[in-house]
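Residues per chain are reported as follows:
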Amino acid sequence: MGETIKYVLDETNIPKSWYNLMADLPSPPPPVLHPGTRQPIGPDDLAPLFPMSLILQEVSTERNIEIPKPVRDIYKQWRPSPLFRARRLEQALQTPARIYYKYEGVSPAGSHKPNTAVAQAFYNKDAGVTKITTETGAGQWGSALAFAGAILGVDVQIFMVRVSYNQKPYRRAFMETFGARCIPSPSMETNFGRQVLAATPESNGSLGIAISEAVEVAAGREDTKYALGSVLNHVLLHQTVIGQEAIAQMELAGDYPDFVIGCTGGGSNFSGLAFPFIGAELRGGRKVRVIAVEPAACPSLTRGRYAYDFGDTGHLTPLVRMHTLGSTFMPPGFHAGGLRYHGMSPLVSHIKELGLIEARAYHQTACFEAGVLFARHEGIVPAPEANHAVKATIDEAVRCKEEGSAKTILFNLCGHGHFDMQAYQVYFAARLRDQPYDEAELAMALAGLPSV
Ligand SMILES: Cc1ncc(COP(=O)(O)O)c(C=O)c1O
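Below is a short write-up of the structure. This is a predicted model, so every value here is computed, not measured.

Attention shifts here to the site of the ligand. Around the ligand sit 16 residues, and of these Ser-230, Gly-265, Gly-267, Ser-268 and Asn-269 come closest. Contact distances for the ligand include 3.0 Å between an oxygen atom and a side-chain N or O atom of His-112. Here an oxygen atom of the ligand sits 2.8 Å away from a polar atom, N or O, in the main chain of Gly-267. Burial of the ligand by the protein chains amounts to 97% of its free accessible area of 390 Å². Split by residue class, the shell around the ligand holds four nonpolar, ten polar and two charged.

Looking now at the packing of helix H5 (residues 114–126) against helix H6 (residues 140–152). When two helices pack together, their arrangement is given by the angle between their axes and by how far apart the axes lie. Close contact between H5 and H6 brings their axes to 8 Å; oriented N to C, the two are set at 40°. Taken together, the axes of H5 and H6 lie oblique to each other. Seen from above, H5 lies across H6 with right-handed handedness. Together, Pro-114, Thr-116, Ala-117, Val-118, Gln-120, Ala-121, Phe-122 and Lys-125 of H5 and Trp-141, Ala-144, Leu-145, Phe-147, Ala-148 and Leu-152 of H6 make up the contact between the two elements.

Moving on, we come to the environment of His-377. Position of His-377 relative to the elements: it lies in helix H16 (residues 364–378). Taking the C-alpha atoms as reference, His-377 lies 53 Å from Gly-36; in sequence the two are 341 residues apart. Discounting chain neighbours no more than four positions away, the residues touching His-377 are Arg-88, Leu-89 and Ala-92.

A separate point is the side chain of Ser-405. Within the secondary structure layout, Ser-405 lies in the loop between helix H17 (384–403) and strand E15 (408–413). Looking at Ser-405, the relative accessible area reads 16%, which means it is buried. Leave out the neighbours within four places in its chain, and Ser-405 touches Pro-96, Ala-97 and Cys-400.

On to empty space enclosed by the protein. Empty space among the atoms becomes apparent when a probe as large as a water molecule is rolled across them. All told, the structure shown has five cavities of 30 Å³ or more when counted by the stated rule. Surrounding the largest cavity, 30 residues form its lining, Lys-113, Trp-141, Ser-230, Gly-266 and Gly-338 being those nearest its centre. Broken down by secondary-structure element, the contributors of at least two residues to the lining of the largest cavity are strand E6 (131–136), H6, helix H10 (207–219) and helix H13 (268–282). Class assignment for the residues of the lining of the largest cavity results in eleven nonpolar, 16 polar and three charged. Each pocket or cavity is described by its volume, and for the second largest cavity that value is around 60 Å³. Around the second largest cavity, the lining residues are Pro-295, Ala-296, Ala-297, Phe-334, Tyr-362, His-363, Gln-364, His-388, Arg-433, Asp-434 and Gln-435.

In this structure, Pro-80 follows Arg-79 across a cis peptide bond, with omega equal to -10°. Among the structural elements, Pro-80 can be located in the loop between helix H3 (69–75) and strand E4 (83–85). The omega angle of the peptide bond from Ser-185 to Pro-186 is 5°, so this bond is cis rather than trans. One can find Pro-186 in the loop between strand E8 (181–185) and helix H9 (191–199). With phi around 60°, Arg-38 is a residue other than glycine that occupies positive phi space. We classify Arg-38 as partly exposed; its relative accessible area is 30%. The backbone of Ala-430 shows a phi angle near 60°, a positive value even though the residue is not glycine. Structurally, Ala-430 is set in the loop between helix H18 (421–428) and helix H19 (439–447). Looking at Ala-430, the relative accessible area reads 57%, which means it is exposed.

A few words now on the sheet that holds E6. What the four strands build is an open sheet, ordered E8-E7-E6-E9; its pairing is parallel. The sheet is open, and its two borders are formed by E8 and strand E9 (224–226), each paired with just one other strand. Put simply, the sheet's adjacent strands are angled 25° from each other on average, direction ignored. Strands in contact with H6 are E6 and strand E7 (155–161); relative to E6, the strand with the most contacts, it is inclined by about 160°. Lying over the sheet, helix H8 (residues 169–177) contacts E6, E7 and E8, oriented at roughly 170° with respect to E7.

The next point concerns the nonpolar core. The biggest cluster of nonpolar side chains holds 43 residues, and the ones touching the most others in it are Tyr-101, Ile-261, Phe-374, Phe-411 and Leu-413. A per-element tally of this core places H17 first, with seven residues. Excluding anything up to four places from it in sequence, Tyr-101 contacts Pro-82, Leu-83, Phe-84, Ala-86, Phe-374, Glu-378, Ile-380, Leu-410, Phe-411 and Leu-413. Within the second largest apolar cluster, 35 residues are counted, among which are Tyr-75, Ala-119, Val-156 and Ala-227.

The contact between H16 and H18 brings their axes to 11 Å, and the two run at 105°. Classified by the interaxial angle, the pair formed by H16 and H18 is roughly perpendicular. Facing H16, whose interface residues are Thr-365, Phe-368, Glu-369, Val-372 and Arg-376, H18 presents Ala-423, Tyr-424, Tyr-427 and Phe-428. Considering only residue class, the contact of H16 with H18 consists of six nonpolar, one polar and two charged.

All right, on to the layout of surface pockets then. By volume, the largest pocket amounts to about 640 Å³. What lines the largest pocket is a set of 32 residues, and nearest its centre among them are Val-32, Leu-46, Glu-58, Leu-232 and Val-320. Secondary-structure elements contributing two or more residues to the lining of the largest pocket are helix H1 (43–46), helix H2 (52–59), H10, helix H11 (233–238), strand E13 (319–324) and helix H15 (346–353). Examining the composition of the lining of the largest pocket, we find that three residues originate from one element, H2, more than from any other. Among the residues forming the lining of the largest pocket, the class breakdown is 26 nonpolar, five polar and one charged.

We now examine the sheet that holds strand E14 (residues 358–362). The strand order across the open sheet built from seven strands is E1-E4-E5-E15-E10-E11-E14, with neighbouring strands paired in mixed fashion. Where the open sheet ends on each side, the last strands, each with one partner, are strand E1 (6–7) and E14. In the packing of H17 onto the sheet, contacts are made with strand E5 (98–103), strand E10 (259–263), strand E11 (289–295), E14 and E15, and the angle to E10 comes to roughly 150°.

Reading the values: the criteria
- Residues numbered from 1 in each chain as written.
- Predicted model: local features only at pLDDT ≥ 70, side-chain atom pairs only at ≥ 80, totals over all residues.
- Heavy atoms only, no water.
- Near = heavy atom within 4 Å.
- Polar contact = N/O pair within 3.5 Å; in protein donor to acceptor, adjacent residues only side chain to side chain.
- Areas by Shrake-Rupley, 256 points an atom, 1.4 Å probe, with all protein chains shown as cover.
- Nonpolar A, V, L, I, M, F, W, Y, C, P; charged D, E, K, R; others polar.
- Axes fitted to C-alpha atoms, helices over the stretch in contact; angles between N-to-C directions.
- Helix = DSSP H or I, 4+ residues; strand = E, 2+ residues; numbered from the N terminus.
- Parallel < 35°, antiparallel > 145°, perpendicular 65-115°, else oblique.
- Left-handed = near helix turned anticlockwise from the far one by under 90°.
- Contact = heavy atoms within 4.5 Å.
- Buried < 20%, exposed > 50% of the residue type's maximum accessible area, 1.4 Å probe, protein only.
- 1 Å grid on protein atoms, 1.4 Å probe; cavity = no way out; pocket = protein on both sides within 12 Å on 5 of 7 lines; lining within 4 Å.
- Points joined across faces, edges and corners; volume = space filled by probe spheres on them.
- Pairing = 2+ DSSP bridges.
- Core = buried A, V, L, I, M, F, W, Y, C linked by side-chain atoms within 4.5 Å.

Nothing here speaks to function; it is geometry throughout.
And the structure:
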């Protein structure tokens, strides 16, 4: 001990551009298709939902996309985020591995999500949009957009997956503090919500259902657009401030990762950390092993099919090629609400197919166990989603000990768990269940994949 724990950069080191991995890929991902014609869509097809500036980022192949100054000025509120060396955890594990984590829990919402929420609210405001609708799983994304809406003066309406809404009443109050409206989904406010409730009145909800509700509201109004907290290229792009800062901070530490690890729901925090490292490798830099970690109960990357599918349950979105469990797959109500999505970012799916990343899945009990061990040595209670990355990191560090190899491991501690203590309570009471992945339901959901 006695050596540096925290590697910090000052505000002048906030990245000036976002990094676009598309510029360095050996082949582009398959095109996005129109749900009606099954032909590749153009920018105009997305215009009812997003401002043109974000649509152009979605399809851009430019390597560096300038971050507008007003966005960088808001980033100053919490960026650059710190990079920690987990010296106490290393000691506890008696591992020769060097463990680092980038901590995104210092943001106003407590996670990485404001990195894109601020950018999306900025471009919407710039385009004259007065209201944004969205969905939220864990409540982290809704909180982030509520914050961004308050700072930039845009109304925000949030459909929150019902199981999380019930588990986390304080997340709703948090969003309301920023002036947003938070509605449990499925709701009676949309045609699709009413349809789901008629069929399953006790529905837990899912991200796929909440997305359909938010899209339905935005598509029906001139002054309203829709924002997505993950999955899309422009969202992943905005998160690359994480990895760019981490590269500079690893340099301060005089180290470079052998492993880069992140949890994956829709893929945005993972990509935010990993893409700048993958890009450096593709341009001739050092090789890194990049590991995406997902819940065993909703294992899109490890068990899903790489196929064209809808991004939502109500089939209002375009068709994207991704690793999917089927848009009607209903993941069990486990505690990492932000990881309960049936699909995966098309860009993350594509680079998995290219062999640039690996994926693995863990059950939740093992993840909470890892998160508690981490908290007891590092003093930060991770979000249940982040516990998946913590678990993979600890497994690799233990492997280093067994093999006597001193590898460098970097992971994304993408959020804190201060609003997730109910899930920790359930874990401490030994009431957490590792729900098996329902093969029969999956087979049914995959049978319903659209034919392309
Ligand atoms: C703390 C946290 N981590 C991870 C995720 C998963 O999303 P993504 O894969 O886009 O980072 C969420 C989503 O809500 C989240 O709140």
